[in-house]
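Residue-level structural notes
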Amino acid sequence: MTPIEQVAQKLKSLGIDYTSVEHPPVFTTEEADKLIAGYAGTRTKTLLLNNSNKTEYYLVVMSDSARLDLKKFQSTVQSTRLSMASPERLKLKLGVTPGSVSIFGLLNNVDHDVHVYFDKQIMSTETLVFHPNDNTQTWFINTGDAMKFVQEMGFEPSIVAL
């Protein structure tokens, strides 16, 4: 089963609807935004961060136009120095490659050792936009359903001001 089929099957089992747009592979939010122009929804970027010892992992979901203040976030989560997870860590923790990071990678986090954070700013929007563990499609999902998905995967998302 492909990553996209895996995500689609899980959403169907949870009764979660989505709209999908197929496109060539993209590796930045700017590339994706050009290909989904005209579709309503808050474009997101999802980052996987790890602490300096690579013992704590943080999945951060925010608007694609926002910039993450790492020092502020470190303080929020009371962590040592944080950095972007390497491609190897992305594969190990979420089963994805760079350009495909989203909440749907939680399907592959069998250790349930990733802490999930949503930026408060995006929570008042109706629709969030993600890749379904593959950067050849972009999916539009209701914000409440995105939270439901994260919780159904066994994670308790935190909503913070980034």
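Quick summary incoming for the structure in this document. Note that the structure is predicted; figures quoted are calculated from it, not measured. Position numbers for residues start from 1 in each chain and track the written sequence from start to end. Only residues with pLDDT of at least 70 get local features here, since the model is predicted, and only at 80 or more are side-chain atom pairs given and counted; chain-wide, interface and lining totals rely on the full set of residues. Note that the side-chain values use all heavy atoms of the structure and ignore hydrogens as well as water.

Section: the layout of surface pockets
Throughout, the protein atoms alone are placed on a 1 Å grid, and a set of points is a cavity if a 1.4 Å probe fits but cannot get out or a pocket if it is open with protein on both sides within 12 Å along at least five of seven lines; lining residues have an atom within 4 Å of a point. Grid points are joined across faces, edges and corners, and a volume is the space filled by probe spheres set on the points. The volume enclosed by the largest pocket comes to roughly 540 Å³. Along the walls of the largest pocket sit 27 residues, with Phe27, Thr29, Lys45, Thr46 and Gly99 positioned nearest its centre. In DSSP terms, a helix is any run of H or I states spanning at least four residues, a strand is any run of E spanning at least two, and both are numbered starting from the N terminus. Breaking the lining of the largest pocket down by element, the ones donating at least two residues are α2 (29-35), β2 (42-51) and β6 (127-130). Take the lining of the largest pocket: its biggest share by element is 6 residues, from β2. Across the lining of the largest pocket, the residue classes tally to 13 nonpolar, 9 polar and 5 charged. Charged residues are taken to be Asp, Glu, Lys and Arg, nonpolar residues to be Ala, Val, Leu, Ile, Met, Phe, Trp, Tyr, Cys and Pro, and polar residues to be all remaining types, Gly included.

Section: the nonpolar core
Working definition of a nonpolar core: buried Ala, Val, Leu, Ile, Met, Phe, Trp, Tyr and Cys residues. They are joined through side-chain atoms within 4.5 Å. Here the term buried applies to any residue with accessible area under 20% of the maximum for its type, exposed to any over 50%, and partly exposed to those in between, with areas from a 1.4 Å probe on protein chains only. Ranked by internal contacts, the top residues of the largest apolar core, which has 31 residues, are Ile103, Phe104, Leu106, Phe118 and Phe149. Put simply, the parts of the chain that give this core at least two residues each are α1 (3-13), β3 (57-63), α4 (87-94), β5 (114-119), β6, β7 (137-142) and α5 (143-152). Among the elements that take part in this core, α5 stands out by supplying 4 residues, more than any other. Whether two residues are in contact is decided by their heavy atoms, any of which lying within 4.5 Å being enough. Ignoring sequence-local partners within four residues, the contact set of Ile103 consists of Thr46, Leu59, Val61, Phe118, Phe130, Ala146, Phe149 and Val150. Among the nonpolar cores identified, the runner-up in size contains 12 residues, and Tyr58, Leu68, Val77 and Tyr117 belong to it.

Thoughts on α4
Within the sequence span of α4, burial applies to Leu90, Lys93 and Leu94. One side of α4 holds all its buried residues, which, seen down the axis, span an arc of 85°. Facing away from the buried side of α4 by over 90 degrees, the exposed positions are Glu88 and Leu92. Contact partners of the buried residues in α4: β2, β3 and β5. The arc in question is the one traced by the directions running from the helix axis out to the C-beta atoms.

Brief notes about α1
Taken as a whole, α1 has its buried residues at Ile4, Val7 and Leu11. Take α1 and look down its axis: the buried residues cluster within an arc of 70°, on one side only. Residues of α1 that are exposed and angled more than 90 degrees away from the buried face: Lys12 and Ser13. For α1, the secondary structure elements touched by its buried residues are β1 (18-22), β7 and α5.

A few points about the environment of Asn142
Following the sequence through the fold, Asn142 ends up in strand β7. Asn142 sits 91 residues away from Asn51 along the chain, and the two C-alpha atoms are 31 Å apart. Once residues within four sequence positions are removed from consideration, Asn142 is found in contact with Glu126 and Thr127.

Points about the packing of aromatic side chains
Two aromatic rings from Phe, Tyr or Trp, using only the six-membered ring of Trp, form a pair when their centres are within 6.5 Å; if the ring planes differ by under 30 degrees the pair is stacked, by over 60 it is edge-to-face, and anything between is tilted. Summed over all chains, the structure comprises 8 aromatic pairs. An angle of 90° between the planes, with centres 5.9 Å apart, marks the rings of Tyr58 and Phe73 as edge-to-face. With a gap of 15 residues between them, Tyr58 in strand β3 and Phe73 in helix α3 (residues 70-77) connect regions that are remote in the sequence. Assessed through its relative accessible area of 4%, Tyr58 is described here as buried. Aromatic rings pair up to connect Tyr18, Phe104, Phe130, Trp139 and Phe149 into one cluster.

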